[in-house]
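# Secondary and tertiary structure notes
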Amino acid sequence: VVDSVPGNLKIACVVSGLPESIIAAACARSGQRVLHVDSRNYYGGNWASFSFSGLLSWIKENQEKSDVSDECEDWRKLILENEEVLSLNKKDKTIEHVEAFCFGDQDSAKDVEEAGALPKLPVFGASGAEGVAQDPDKECPPLESAVARAESCEPEKAASVDPASTAEGNDTEVNCENESSHSLSSGESAPDLGKAEAAPSEVSAQEPKKIMYSQIVREGRRFNIDLVSKLLYSRGLLIDLLIKSNVSRYAEFKNATRILAFREGKVEQVPCSRADVFNSRQLTMVEKRMLMKFLTFCLDYEQHPDEFQGRNSTFAQFLRTRKLTPSLQHFILHSIAMVSETDCSTLEGLQATRKFLQCLGRYGNTPFLFPLYGQGEIPQCFCRMCAVFGGIYCLRHSVQCLVVDKESGRCKAVIDHFGQRISANYFIVEDSYLSESVCRNVCYRQISRAVLITDQSVLKTDSEQQVSILTVPPVDLGQPAVCVIELCSSTMTCMKDTYLVHLTCPSTKTAREDLEPVVQKLFHLNTETGKELEKPRVLWAVYFNMRDSSGIDRNSYSSLPSNVYVCSGPDSALGNDCAVKQAETIFQEMFPTEEFCPPPPNPEDIIYDEDEIASEESGLSNSPETKPEPSPEESSSRGSTAVKEHSEE
């Protein structure tokens, strides 16, 4: 791939996060030559999704933080006298305080292999055997042994050139595992579960089904675990962009089925639509009328400025003046507006409430959608669009430095780890790649994250296939609320009979210190099943802090060339509006006369002529790669939601 990189590039993107992927797709769609490189072996950066074994490898990598050596030490010879070097980071410093825990039945997982994994090659098998034989007397905890196995036998997602191949391959992986998962769910003992034995039928009839750690490892490819937890507002900027650009054809979505609230130590469902309000048994008839009257006011609050303007009060204080009951105030503040009790102004709270209400009913009874196979599919969808229109992708391809012209102050090229000099007009770099000298005046925030695998839902109902969002208010004023997103197996993010739970909040301490109190309120952490059966048990958990580089002014970076644009990593907000706004702003600065991600042309209207050069107005090249795929959109058989414009009807 390195030898085929053209010299007349317009855009060079470093890292494949969501903003960078959107920019690359928009530039390729407008006819620009795009090169997208990433030092990682997977797409998405901190927006990526992993299988269970892949996440264990990611945990080990971030706990060790090993040094990265230069493959080519002679790259400085490529720098001319009138040029200077702006070095880039080789270490990822955006992830800190990674702690993983295995609860429940920790049976040995040393001999358990991941179902659906490709056979080991002789070379890798030999090296793996040597690694085990080096210290046979040393005890290996389940997590470490699983990491070692993941590195030796898990096929990397990045092995495919097509960014969307992971999503397509997941269908096959799930289907081929149905037989093994069925045998496990029926209580039979699988031959490769080692010491794991089936529970007696009497016990399984009385208690929730036990999930062994070895079973999680075996079914690891059934998991798609996001590093960042987000939902898509049905009328948000990302959904509008997916529809406009037709990138939505590369993904499938599932509607979030319920909004939950945590009040007085209990989890309960929040009525948010008109039908839910009037069918709710939690509210009295008077409360139903009060709630509907207030929600109607929020939809057209701008028509009644006298009721909210001129008040220097928070949204929580404003709710008290509306003669709402404490339960209604709690529902509106934490489950509908989802804003801070102390920091949110009245206007911001009204805007958030109206946004929630306007998104209701477009694709379901809640405002939110979730992409099947995880949030990490969205960057890959835009990468695929970029590749369709001629973009070039290179994973495992790190960049040493930016080459800056001393006279003009503009960046001329990048030098990769092979010592190759790649020239371009514009450069897109994620914040984490910039050196400490460039970021010395930047003040970063942190996000506390936790990912749990549990055996039950936080709120049991007749249907097990629920996608829920819950906001847990802070115990002390001034502390951030914790957003909890619970995913079921029909989202293709976890194995059957388990749930994947994401917890997110702005950091005040380490992730474990911030989130473990909430975990203890909602879940049961020890292995005993005879107590507190109303709470789901945590089978496995990981805590980590992630850097939040959103909202940083460009002037905060020192000595940044004018044609180098910085993209931030994930923010702590529930939606993706920040990433879309950032991508559109950067694109318009580079190409002010071009449309941002226009609709693709109809394949039937494209005329291909090898002897003539296509007109510049079409924005397409003559390469066969630019021909959109003519295959019709596949329909989902799993109850997923197709994102289309006519869905509003």
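Scroll up to find the structure this text is about.
Residues numbered from 1 in each chain as written. Predicted model: local features only at pLDDT ≥ 70, side-chain atom pairs only at ≥ 80, totals over all residues. Heavy atoms only, no water.

When its secondary structure is counted, the chain shows 17 helices and 22 strands. The buried share among the 649 residues of the chain stands at 54%. Within the chain, counting contacts between residues at least 6 apart in sequence, those at least 24 apart form 76% of the total. Counting only carbon and sulfur atoms, one obtains 47% of the accessible surface of the chain, whose full area is about 29,800 Å². (Helix = DSSP H or I, 4+ residues; strand = E, 2+ residues; numbered from the N terminus. Buried < 20%, exposed > 50% of the residue type's maximum accessible area, 1.4 Å probe, protein only. Contact = heavy atoms within 4.5 Å. Areas by Shrake-Rupley, 256 points an atom, 1.4 Å probe, with all protein chains shown as cover.)

Spatial strand order, E4-E13-E14-E15: four strands in an open sheet with antiparallel pairing. Of all strands in the sheet, those with a lone pairing partner are strand E4 (83–87) and strand E15 (421–423), marking the two edges. Between one strand axis and the next, the sheet turns by 30° as a mean value, whatever way the strands run. Bridge count between strand E14 (residues 411–416) and E15: three bridges; the pairing is antiparallel. For Ile415, the partnering residue across the bridge sits in E15 and is Arg421. (Pairing = 2+ DSSP bridges. Axes fitted to C-alpha atoms, helices over the stretch in contact; angles between N-to-C directions.)

We now examine helix H2 (residues 52–64). When the terminal C-alpha atoms of H2 are compared, their 19 Å separation across 13 residues agrees well with the 18 Å that a helix rising 1.5 Å per residue should span. Along H2, the positions that sit buried rather than exposed are Phe52, Ser53, Gly54, Leu55, Leu56, Ser57, Trp58, Ile59 and Asn62. (Expected span 1.5 Å × (residues − 1).)

The N-to-C vectors of helix H9 (residues 237–245) and helix H17 (residues 577–590) enclose an angle of 55°; their axes lie 8 Å apart at closest approach. The angle between the axes of H9 and H17 places the two elements in the oblique class. Judged by residue contacts, Leu237, Leu238 and Leu241 of H9 engage Asp577, Val580 and Lys581 from H17. (Parallel < 35°, antiparallel > 145°, perpendicular 65-115°, else oblique.)

Turning next to the pairing of strand E12 (residues 392–395). Side chains Ile392 and Cys394 of E12 all project onto a buried face; the interleaved residues Tyr393 and Leu395 project onto the opposite face, where all are buried too. In terms of strand pairing, strand E2 (residues 34–38) meets E12 through four bridges, oriented parallel. Looking at the pairing, Val37 lines up with Cys394 of E12.

Our focus in this paragraph is the pairing of strand E18 (residues 468–472). The buried count for E18 comes to five of five residues, which makes it a mostly enclosed element. With burial as the criterion, each face of E18 is covered, one bearing Ser468, Leu470 and Val472 and the other bearing Ile469 and Thr471. Here strand E9 (residues 258–263) pairs with E18 via four bridges, running parallel. Note on E18: the bridge partner recorded for Arg258 is Ser468. In this structure, E18 lies alongside strand E19 (residues 482–487), joined through five bridges in antiparallel fashion.

Time to look at unusual backbone geometry. At Met338, a position not held by glycine, the phi torsion is positive, near 55°. Residue placement: Met338 occurs in the loop between helix H13 (326–336) and helix H14 (346–359).

Now for the pattern of salt bridges. Under the counting rule described, the total for this entry stands at 19 salt bridges. In this structure, Glu83 engages Arg421 in a salt bridge whose closest nitrogen and oxygen atoms are separated by 2.6 Å. One end of the pair, Glu83, is in strand E4; the other, Arg421, is in strand E15, and 338 residues separate them in sequence. You can call Arg421 partly exposed: its relative accessible area is 28%. Overlapping salt bridges bring together Asp38, Arg40 and Asp92 as one network. (Salt bridge = Lys/Arg side-chain N within 4 Å of Asp/Glu carboxyl O.)

The next thing to look at is the nonpolar core. Proteins that are soluble and globular tend to have nonpolar side chains buried together. Ranked by size, the top nonpolar core spans 73 residues in total, and within it Phe52, Leu55, Trp58, Phe294, Phe315, Phe368 and Trp540 carry the most contacts. The biggest single contributor to this core is helix H11 (residues 285–299), with six residues. With 49 residues, the next largest nonpolar core counts Ile11, Phe253, Tyr393 and Tyr426 among its residues. (Core = buried A, V, L, I, M, F, W, Y, C linked by side-chain atoms within 4.5 Å.)

So, on to the packing of aromatic side chains. Under the criterion given, the structure shown has 18 aromatic pairs. Between the aromatic rings of Trp58 and Phe544, the centroid separation amounts to 5.2 Å while the plane-to-plane angle is 70°, which identifies the pairing as edge-to-face. With Trp58 in helix H2 and Phe544 in strand E21 (residues 538–548), the pair connects residues that are 486 residues apart, well separated along the chain. Judged by relative accessible area, which is 3%, Trp58 ranks as buried. A relative accessible area of 1% means that Phe544 is categorised as buried. With centroids separated by 5.6 Å and ring planes inclined at 55°, the aromatic side chains of Phe587 and Phe596 adopt a geometry described as tilted. Grouping residues by exposure puts Phe587 and Phe596 together as buried. Put simply, the rings of Tyr426, Tyr565, Phe587, Phe591 and Phe596 touch in pairs and so form one group of aromatic residues. Positioned over the ring face of Phe297 is Arg322, at 4.4 Å from the centre of the ring. Over the face of the ring belonging to Tyr444 we find Arg547, whose NZ or CZ atom lies 4.2 Å from the ring centre. (Phe/Tyr/Trp six-rings, centres within 6.5 Å; stacked < 30°, edge-to-face > 60°. Lys NZ or Arg CZ within 6 Å of the ring centre and 35° of its normal.)

Strand order in the open sheet formed by eight strands is E5-E21-E17-E20-E19-E18-E9-E10, and the pairing between neighbours is mixed. With one partner strand each, in any of the chains shown, strand E5 (95–102) and strand E10 (266–269) form the two edges of the open sheet. Averaged over all adjacent pairs, the angle separating strand axes in this sheet is 20°, with direction ignored. On top of the sheet, H13 reaches E9, E10 and E18; it is set at about 125° to E9, its chief contact.

Let us look at the packing of helix H1 (residues 18–29) against helix H15 (residues 377–388). Two elements in contact, H1 and H15, have axes separated by 8 Å at closest approach and are oriented at 20°. Looking at the two axes, H1 sits roughly parallel to H15. Between H1 and H15 the crossing geometry is left-handed. Contacts between H1 and H15 involve Leu18, Ser21, Ile22, Ala24, Ala25, Ala28 and Arg29 from the former and Ile378, Pro379, Phe382, Cys383, Met385 and Cys386 from the latter. (Left-handed = near helix turned anticlockwise from the far one by under 90°.)

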